[in-house]
Each structure stands twice: as structure tokens, then as C-alpha cells.
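Single-letter residue listing:
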Amino acid sequence: MDKSAGQNRAVAHLYPPLDPYDQRMLDVGDGHRVYVEQCGNPDGIPVVVLHGGPGGGCSPAMRRYFDPAVYRIVLFDQRGCGRSRPHASVSDNTTWHLIRDIEKIRTLFDIKKWTVFGGSWGATLSLLYAETHPERVSYLILRGVFLMTQAELNWFYGGAAGQFFPEQWKRFSNLVPEDEHDDMIAAYHRRLFSGDLPLETRYARAWAGWENALATMQTSGVAGESPAEYSRAFARLENHYFTNKGFLETDGQILKNRNLIEHIPATIVQGRYDMICPPASAFKLADGWSKAELKMIRAAGHALSEPGITAELVATTRRLRDRADLLTT
């Protein structure tokens, strides 16, 4: 199957395109303004969508995983990316700033509790937000679980994933001298924050290209070059967060604190052949969590746009439409 055919199959599961009924730039302090939008039913089940990356930004397709007649859909671009400003800025940009921003948005919209929907880094942020504010989360819908551990970073940037995609890994790793290959995150950091815009853009595109090539089973290791502005924000923010280990206190913090959220029901949707966030993390997260249901999707990789993943996520939001306990605005 080619990539376009897979995308068409995924789109077939989504609700029709819709426009926001509310769009604004929210001053969250520290010199940052974040783009926020609301779609769907203003009196519906509130859900906040947390995009991946860090640095990926939201897309119009993310609105379409929810029945607009039933859900009040809140999306925002996290600090430094998408339509938020300043673009590609890592100043005052940490996990805890983002959690504070989520709470600011919830308070602004007078939402008592909401469903939290996030994939990849968005799943990381969803879990950390829930562990910080468990009283504000009614349900978790997670995709492509990333627990922000050193083992996961080693998998993707230490050469293990490259064993499956050696051509792409060679292209990514050969951009830095061999004596820096022991720490690719640090090697790229030096170039992504060099102050030389053309150099930063070149390495940003390489960073984004390595990840994009492994995102779906349809790409088969092939990915087009991302726009320069997008790549620079995506690469700088991801590298900044990974250099700082997600700004967590300890490695494995999410699983260590899982007891704080085990009363919250969750659906975890995971691609069996996810090369960016291997299924072991989703399995560990769900194992022993009685209120969590793990949906392992056959013949699916990492991306939100994988047909099987899209179908399961939409089926999940459809199942929750009649849950009166989620309507907590």
C-alpha cells in the first residue's frame, strides 16, 4: 500500500472537517503567547487535545476524531510551535510550563474536568498532567505511548531503531563526526542551537526527517522534506526537551507515580510495529492498571494517521459519547 492510499483509508474514519467557533492567542506569561481554539458543541463533553513532538503543533485533522455534535474540542499549540509565539523558542519552555498552560486554558474556559487525548509526546504530557492534576481528568485517551525514559531515547537516538532502517540512520548519523556518535542528541544540540540559521535549518530537517521516515508503515523509511520553519521548531523543541530528560525529577517517573491516576479510566491505542515508541512502554503502562484498556493495533506503526490507529481512536470517542459522567463543564 502506498502512503496516499493509507492516508485515504484513515481519513475515511474521521468526522467531516469543521471550523473552530473560537480562536485566540492566549498570553501565558514568560513572553509566550499560545494559540488556542475550540470546536464542536460548546455545551458538549470537554476534551483537550495534546499534540506530539514536543514541537509538532496541532492540525485541522485532530478536530475530526470527535463527534462535533457531542464534544467540546479544545486544541492548542504548545509553547514555541505551530501558531504560538515566539516561534522555536526554548526559553521558559519546560514540561511544567506546559502543564501550567493547560490549567490556564481549563480555567479560562471554566471546565471542571475534561477528557485528555494525546499521542506520542502528547501521551507523555497527558500522563504527567493527569499525575499533577488527577482531579481535573475524567478520562485518558492515549496513543503511541512515550514514557520519557532514557531507555526510549537510547532506542531511537542510540542506533537500535537504526538497525531496522540502516539507510536512514546512516543519513542521520553521518551529518556529525564519528567521535560524536556516542551522544547524537548532544551532537545535534550543538548544531540546532549554533546561532547560524542555515546550519540550524539543515540539521533541523535531518532531525525531523529521521523521525518522519519511521512514523508510519506506509512510508517504508521514505519521508519528504518538511518545511524549514516547521522543522526548526520541531527539532529545537524536541532536542531541548530530550537534552533535559523531559524535565522530570527521576528516570521512569511516570510509571513510578502511576498510582496517582489508577482511578482514572483510560484507553491506550498502540501500533504493534511502532518504531519510534516501541509497544513495550504501552504494555508497561497498562499492566496492572485495572481501569486501563490496551488496544494493540496489528499492522500499524506510530503515526496518528495510521488507518488502524485512526479507526480505534474514533471508535473510542464514539463509545464515550453517552457517558454522562464525562460531561463535567
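Our subject is the structure listed above.
Below, the structure is looked at part by part. Nothing here was measured: the structure is a model prediction, and the numbers come from that model.

Moving on, we come to helix α10 (residues 279-286). Listing the buried residues of α10 in full gives P279, S281, A282, L285 and A286. The buried residues of α10 occupy an angular sector of 160 degrees when the element is viewed end-on, so they sit on one face. In this structure, the buried residues of α10 make contact with α3 (121-132), β6 (137-143), α4 (150-157), α9 (253-256), β7 (266-271) and β8 (292-297). Trailing α10 by a residue or two, G288 shows a phi angle of about 85 degrees, which is positive.

Our next topic: the nonpolar core. Among the nonpolar cores identified, the biggest contains 71 residues, and L140 and W207 are the most heavily contacted of them. Filtering out sequence-adjacent residues up to four positions away, L140 remains in contact with V116, S126, L127, A130, I261, I264, P265, A266, T267 and W289. Among the nonpolar cores identified, the runner-up in size contains 26 residues, and V49, Y139, V269 and V314 belong to it.

With the rule as written, the count across this model stands at two cavities of 30 Å³ or more. Space inside the largest cavity adds up to approximately 110 Å³. Considering the residues around the largest cavity, the lining is formed by 13 residues, among which F146, F156, F242, I276 and C277 are closest to the centre. Elements with a contribution of two residues or more to the lining of the largest cavity: α4 and α8 (228-243). It is α4 that contributes the most residues to the lining of the largest cavity, four residues altogether. Here the lining of the largest cavity is built from residues that sort into eight nonpolar, two polar and three charged. Volume-wise, the second largest cavity comes out at about 30 Å³. Forming the boundary of the second largest cavity are P54, G55, Q78, R79, C81, N93, L98, L237 and Y241. Partitioned by chemical class, the residues of the lining of the second largest cavity number five nonpolar, three polar and one charged.

Basis of the calculations
- Residues numbered from 1 in each chain as written.
- Predicted model: local features only at pLDDT ≥ 70, side-chain atom pairs only at ≥ 80, totals over all residues.
- Heavy atoms only, no water.
- Buried < 20%, exposed > 50% of the residue type's maximum accessible area, 1.4 Å probe, protein only.
- Helix = DSSP H or I, 4+ residues; strand = E, 2+ residues; numbered from the N terminus.
- Arc of directions from axis to C-beta.
- Contact = heavy atoms within 4.5 Å.
- Core = buried A, V, L, I, M, F, W, Y, C linked by side-chain atoms within 4.5 Å.
- 1 Å grid on protein atoms, 1.4 Å probe; cavity = no way out; pocket = protein on both sides within 12 Å on 5 of 7 lines; lining within 4 Å.
- Points joined across faces, edges and corners; volume = space filled by probe spheres on them.
- Nonpolar A, V, L, I, M, F, W, Y, C, P; charged D, E, K, R; others polar.

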